[in-house]
Amino acid sequence: MTTSASLPAASHPEAPGAGSVTDRLVEANRAYASQFTDPGMDARPVLHVAVVACMDARLDLHAALGLQLGDCHTIRNAGGVVTDDTIRSLTISQRALGTRAVILIHHTGCGLETLTEDFRHELEDEVGQRPAWAVEAFRDVDQDVRQSMQRVRTNPFLPHKDDVRGFVFDVHTGLLREIDPSS
Ligand SMILES: [Zn+2]
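Rules used in this analysis
- Residues numbered from 1 in each chain as written.
- Predicted model: local features only at pLDDT ≥ 70, side-chain atom pairs only at ≥ 80, totals over all residues.
- UniProt positions renumbered as here; feature names shortened; annotations may be inferred.
- Buried ≥ 20, exposed ≤ 12 C-beta atoms within 10 Å, placed from the backbone.
- Helix = DSSP H or I, 4+ residues; strand = E, 2+ residues; numbered from the N terminus.
- Pairing = 2+ DSSP bridges.
- Contact = placed C-beta atoms within 7 Å.

As recorded in an unreviewed UniProt entry, the protein chain goes by the name carbonic anhydrase, listed as coming from Streptomyces xanthophaeus. The UniProt entry for the protein chain carries the following text under Sequence similarities (unreviewed entry): "Belongs to the beta-class carbonic anhydrase family." The UniProt entry for the protein chain carries this comment under Catalytic activity (unreviewed entry): "hydrogencarbonate + H(+) = CO2 + H2O".

In structure tokens:
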């Protein structure tokens, strides 16, 4: 098994010197905070919207949707899947923090398209324990967005289900394509 300790220290061009990537990010935060002014907002999103999206590194939600600080809740995981924990966040978002609309964003070239539920069996073989969660792998991204919309629209904990829309983000063009829930 390869460990990070066995890798050459300066093998990554983005990480010169001895500092870890976390050290770099903490340093960047100092610069951010030095320019930061308290906007004086409370915790309720200004636009009353929650965005559920894949964790993909190529999807910059705030830039792609023209969002500003304080505008929305962002709930992200592998695939942008509507899991029980996504529902937990959406329920708190709607019932305690005033959001009304839900936007679901999956994307082209998602890592979950390359996996199958075999991933769980491989994990079980390796560690002797099968994870409780599903991988939620998929082959058809449009259908996966429809399934996610359906999970939100049928959830009993969510009081606001009239404005639920789903999209596929193209990582090559930056454009969103809306998915018709009934197709
Ligand atoms: Zn993805």
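**Digging into the pairing of strand β3 (residues 101-107)**
With five of seven residues buried, β3 is to be regarded as a mostly interior element. With five bridges joining them, strand β1 (residues 49-54) and β3 adopt parallel strand pairing. Of the residues in β3, the one forming a bridge with A53 is I105. Looking at chain direction, β3 and strand β4 (residues 164-169) are connected through six bridges and run parallel. Bridge pairing in β4 places H106 opposite V168.

**A few points about the UniProt feature "binding site: Zn(2+)" (unreviewed entry) in the protein chain**
Under the feature "binding site: Zn(2+)" (unreviewed entry), the UniProt entry names C54, D56, H107 and C110. Look at the named residues: they lie 57 residues apart in sequence, but the longest C-alpha span between them is just 8.4 Å, so in the fold they bunch up. Looking at where C54 falls in the secondary structure, it is placed in strand β1. Overall, the presence of 23 C-beta atoms within 10 Å leaves C54 in the buried class. Not counting the four nearest positions on each side in its chain, C54 is found in contact with L59, R76, A78, G79, G80, H106, H107 and C110. On the secondary structure map, C110 appears in the loop between β3 and α4 (118-127). Once you skip the residues sitting within four places of it in the chain, C110 turns out to touch C54, D56, G79 and V141.

**Considerations on unusual backbone geometry**
Of note, the phi angle at H48 is positive, near 55 degrees, even though the residue is not glycine. Inspection of the secondary structure puts H48 in the loop between α1 (21-35) and β1. A tally of 18 C-beta atoms within 10 Å means that H48 is categorised as partly exposed. A positive phi angle, near 65 degrees, is found at E136, a position not held by glycine. Looking at the element boundaries, E136 is found in the loop between α4 and α5 (141-153). Judged by the 18 C-beta atoms lying within 10 Å of it, E136 is partly exposed.

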